[in-house]
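Chain by chain, the residues run as shown.
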Amino acid sequence: MNGTAVAIVTALIAVTLALTTYASRRNKSTAEHYVAGGRIGGLQNGLALAGDQLSAASFLGITGAVALTGFEGFYLAVGVPAAYLLMMLVIAEPLRNLGRYTLADAVAARFDGRGLRASMAVASLAISVIYMVIQFVGAGLLAQLLLGVDFPVAVIVIGGLMTVYTILGGMVGTTYIQVFKAAVLIVTALALLVLVTADYGGNPLGPMRDAAARFGDGVIAPHQGGLTASLDTVSLTMGLVLGMMGLPHVMVRFLTVRDDRAARDSAQVAMWIFAGFFAALPIFGYAALDQVGKAAIVADNKAGNLAAPRLAEAVGGNLLFSIVAAVVMVTILAVLAGLAIATSGAIAHDLYTVALKRGEVSPQRQLLVGRFAGAGIAVVAILIALWAKTLNIAFLGNVAFAVAASTTMPVLVLTIYWRHFNRTGAVAGLIGGLVSSIGLVLAGPDVMGDAHLFPLTVPALVSVPFGFLCAWAGTLAGRGDADAAGHPYDELARRAFPVGGRSRPAREAPV
Amino acid sequence: MTRTPEPPQSGPDPTRPENEHDAMVQRHKRVVLGAAAITFTVFMAFPILASFTGVLGGVADGAGAGYAAGLAVILLPLLGAVAYRRWTSRIEDGGPR
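In the annotation of an unreviewed UniProt entry, the entry for chain A reads Cation acetate symporter, and the organism field reads Actinomadura soli. Within the UniProt record for chain A, the comment given under Sequence similarities (unreviewed entry) is "Belongs to the sodium:solute symporter (SSF) (TC 2.A.21) family." Under the UniProt heading Subcellular location (unreviewed entry), the entry covering chain A gives this text: "Cell membrane".

What follows is the structure, given as structure tokens:
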């Protein structure tokens, strides 16, 4: 066991628990629990968005992928700023003005119907649970490798912490933790960048140049690997850039801001952080290749997930290794906290309060159910993670993005922008997108191996157009149903785009 | 049991005629959807060019053309975000549209 790393992890977790305790004084109502009362400012939400988005998969996964595969790993880094620009342009403000606690609220602002609400909640749950399992398994394996803690112990402790954050702190506590995590991750990455750059005479391109000199130009150039591999790359980046707009735990952050301006400001703050962070990852990847070596990276972990901590060790000794390991663990906790809030909202608000109880639930009971849902989903995710330990979960992240890009994203966009869209189309889009994205993954090479029926590992290239197609076909099929038409589109558009008017004020806490 | 209270709603400037606001909404939608289409197209050009062609395969003095293009793909959205934020803030502040 690495004593220094365990001590730093313990100290950082103590800070997050202190933040949660402080936040618990503000977590007294349903609105505060799910969306921090809608009072978060632009800078704070931007940092929290960065805390939500910059996962261990980004930091460790991309660094390792660049170190082992060269340019192929870089594809994962380039899409996030573009995805956030799309989010800022298309969804952030209308979602903020139409939604309340969950993504389904924004769709329900136009279309009534418990079936649609339940479908939206199920799609949100599918995306969030996949994402949550990845975080749990990744955290367990990393805790094992970095800290010397057993996998089941690590998963249960992390699940327990996630439950405490969610029950006590709600979205207020989650926001504080994500801001804290973003700050420590940025400082740590910056320190690593300074040390790495100093090793190359102050030239940030030094690691790339050294790698090209030692391993050939091919290590820093894109590869053409045949039609299927190229289509897979295009599908991966398409799923990433479009799927971001459908990720419940990311999009729900736009429901926490006080007004439209804060929504835009927060997206922009997050984009500046992403630009710096993702531009630095290839530098870390090539520096790890140069200083740690491919054989040592693979010996630690086949996917290269320890390339970044090993690089830290190479340039800063055990202290920097321990700091990076601790920051990675806090990173996972912060992402899990956001996921738990979004998931508990889908269960307690969409499924229980609206779909099951038709809204006839007192605010106190809603809050209670929301807290229990957070604990319940933690138990479920822990059990799945314990079972999934031996599975190769690396592909699940791409699956989560592809499902989001094929289900929640098309339905949100069409609800906000297409005048003729109707409830039948929304349900058809959700079901078609969910079935096609998951079905194609199950029929693809990651699950079926050489006997695969579908050649791509990431189905977005097919499932996203199919999701839109189902929504369009469902809309045509439902045109004769007056109930399916929903509320008048012009009224919705005026609420969604209060251009030059007022955006909805912060949510007042129900008594 | 009490029904969940409805949140306060957003809406247009009450002093502005409804049809004028609707026209502004239509214009806003055209601008954001057009900008989004351009963003998506430009972004997707990067993986398509990099994986299907050799256009971004050049290397000069240890620096790859693919990384230069990738850096542009990372940084260009920032310019778009700054421009959009300024445009919307100007409208909200009552400036020229």
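Across its full length, chain A carries 21 helices and zero strands. Taking 511 residues into account, the globule formula puts the C-alpha radius of gyration at 24 Å, and chain A, at 22 Å, falls close to it. Considering only C-alpha atoms, chain A reaches an extent of 70 × 55 × 45 Å along its principal axes. Across the 511 residues in chain A, those meeting the buried criterion constitute 64%. Long-range pairs, those at least 24 residues apart, make up 85% of the contacts in chain A with a sequence separation of at least 6. For chain A, the exposed area adds up to about 16200 Å²; of that, 66% sits on carbon and sulfur atoms. Distance between charge centres in chain A, computed from 32 positive and 26 negative side chains, equals 9 Å.

With that settled, the discussion passes to a nonpolar patch on the surface. Residues and elements named next belong to chain A. A surface patch of nonpolar side chains, amounting to about 350 Å² of accessible area, comprises I156, V379, L383 and L386. When residues in the nonpolar patch are grouped by element, the largest group, three residues, is from helix α15 (residues 363-388). Along the polypeptide, I156 turns up in helix α8 (residues 151-199). Accessibility expressed as a relative area gives 48% for I156, which makes it partly exposed.

Now for the packing of aromatic side chains. Residue and element names in this part refer to chain A. All chains considered together, the criterion is met by 20 aromatic pairs over all chains. For the pair Y34 and Y101, a centre-to-centre distance of 5.2 Å together with 40° between the ring planes defines the contact as tilted. Note that Y34 is positioned in helix α2 (residues 30-35) and Y101 in the loop between α5 (71-98) and α6 (103-108), a separation of 67 residues in sequence. Take Y34 and Y101: they sit in the same class, and that class is buried. Aromatic ring contacts, followed pair by pair, group F59, Y84, F274, F277, F278 and F284 into a single cluster.

Time to look at the interface of chain A and chain B. At the interface, 73 residues of chain A touch 64 residues of chain B. Carbon and sulfur atoms supply 65% of the area that chain A and chain B bury against each other, a total of about 6100 Å² over both sides. On the chain A side of the contact with chain B, A:L89, A:R494 and A:V499 bury the most area, a combined 12% of that side's loss. For the interface between chain A and chain B, the tally reads two salt bridges. Between B:D22 and A:R494 there is a salt bridge, with the nearest N and O atoms lying 2.8 Å from each other. At the boundary of chain A and chain B, one finds eight residue pairs in polar contact (both at pLDDT 80 or more). When contributions to the side of chain A that touches chain B are tallied by element, the ones reaching two or more residues are α5, α9 (206-215), α10 (227-243), α12 (260-291), α15 and α21 (489-496) of chain A. A per-element tally of the side of chain A that touches chain B places α5(A) first, with 15 residues.

What follows deals with the side chain of A:T174. Position of A:T174 relative to the elements: it lies in helix α8. Excluding its chain neighbours within four sequence positions, the residues that come into contact with A:T174 are A:A337, A:G338 and A:I341.

Before going further, it helps to examine α5(A). Within an α-helix, residues lying three or four positions from one another point in the same direction, as the helix has 3.6 residues per turn. Look at α5(A): 40 Å from first C-alpha to last across 28 residues, which is about the 40 Å you get at 1.5 Å a residue. Buried residues dominate α5(A), accounting for 26 of its 28 residues.

This next bit is on unusual backbone geometry. The phi dihedral of A:A36 falls on the positive side, at around 55°, and the residue is not glycine. You can see A:A36 is positioned in the loop between α2 and α3 (42-53).

The next thing to look at is α3(A). Residues and elements named next belong to chain A. For α3, with twelve residues, the first-to-last C-alpha span of 16 Å sits near the 16 Å given by 1.5 Å per residue. The buried fraction of α3 is high, at nine of twelve residues. Taken together, the buried positions of α3 are G42, N45, G46, A48, L49, A50, G51, D52 and Q53. Next to the buried residues of α3 lie α4 (56-69), α5, α8, α11 (248-251), α12 and α14 (307-356).

Further remarks concern the pattern of salt bridges. All names here are of chain A. The tally for this structure, following the rule as stated, stands at ten salt bridges over all chains. Its salt-bridge partner being R39, residue E32 comes within 3.8 Å of it at the nearest N-O pair. Since its relative accessible area comes to 11%, E32 is described here as buried. For R39, a relative accessible area of 35% gives the class partly exposed. A salt bridge links D290 to R214; the nearest nitrogen and oxygen atoms lie 4.0 Å apart. With a gap of 76 residues between them, D290 in helix α12 and R214 in helix α9 connect regions that are remote in the sequence. Judged by its relative accessible area of 52%, R214 falls in the exposed class. Residues joined by salt bridges that share partners form a network here, namely D105, R117 and D350.

Here we come to the packing of α10(A) against helix α20 (residues 460-477) of chain A. All names here are of chain A. In contact at an axis separation of 8 Å, α10 and α20 are set at 50° when each is read in the N-to-C sense. For the element pair α10 / α20, the angle class is oblique. On α20, the residues touching L231, V234, S235, M238, G239 and L242 of α10 are A460, L461, V464 and P465. For the contact of α10 with α20, a count of residues per class yields eight nonpolar, two polar and no charged.

Rules and cut-offs
- Residues numbered from 1 in each chain as written.
- Chains lettered and ligands numbered in written order.
- Predicted model: local features only at pLDDT ≥ 70, side-chain atom pairs only at ≥ 80, totals over all residues.
- Heavy atoms only, no water.
- UniProt positions renumbered as here; feature names shortened; annotations may be inferred.
- Helix = DSSP H or I, 4+ residues; strand = E, 2+ residues; numbered from the N terminus.
- Rg over C-alpha atoms; globule rule 2.2 N^0.38 Å.
- Buried < 20%, exposed > 50% of the residue type's maximum accessible area, 1.4 Å probe, protein only.
- Contact = heavy atoms within 4.5 Å.
- Areas by Shrake-Rupley, 256 points an atom, 1.4 Å probe, with all protein chains shown as cover.
- Lys, Arg positive; Asp, Glu negative; His and termini not counted.
- Charge placed at Lys NZ, Arg CZ, Asp CG, Glu CD.
- Patch = residues over 30% accessible without salt bridge, like charges linked within 9 Å, V, L, I, M, F, W, Y side chains within 5 Å.
- Salt bridge = Lys/Arg side-chain N within 4 Å of Asp/Glu carboxyl O.
- Phe/Tyr/Trp six-rings, centres within 6.5 Å; stacked < 30°, edge-to-face > 60°.
- Buried area = accessible area lost by both parts, 1.4 Å probe.
- Polar contact = N/O pair within 3.5 Å; in protein donor to acceptor, adjacent residues only side chain to side chain.
- Expected span 1.5 Å × (residues − 1).
- Axes fitted to C-alpha atoms, helices over the stretch in contact; angles between N-to-C directions.
- Parallel < 35°, antiparallel > 145°, perpendicular 65-115°, else oblique.
- Nonpolar A, V, L, I, M, F, W, Y, C, P; charged D, E, K, R; others polar.

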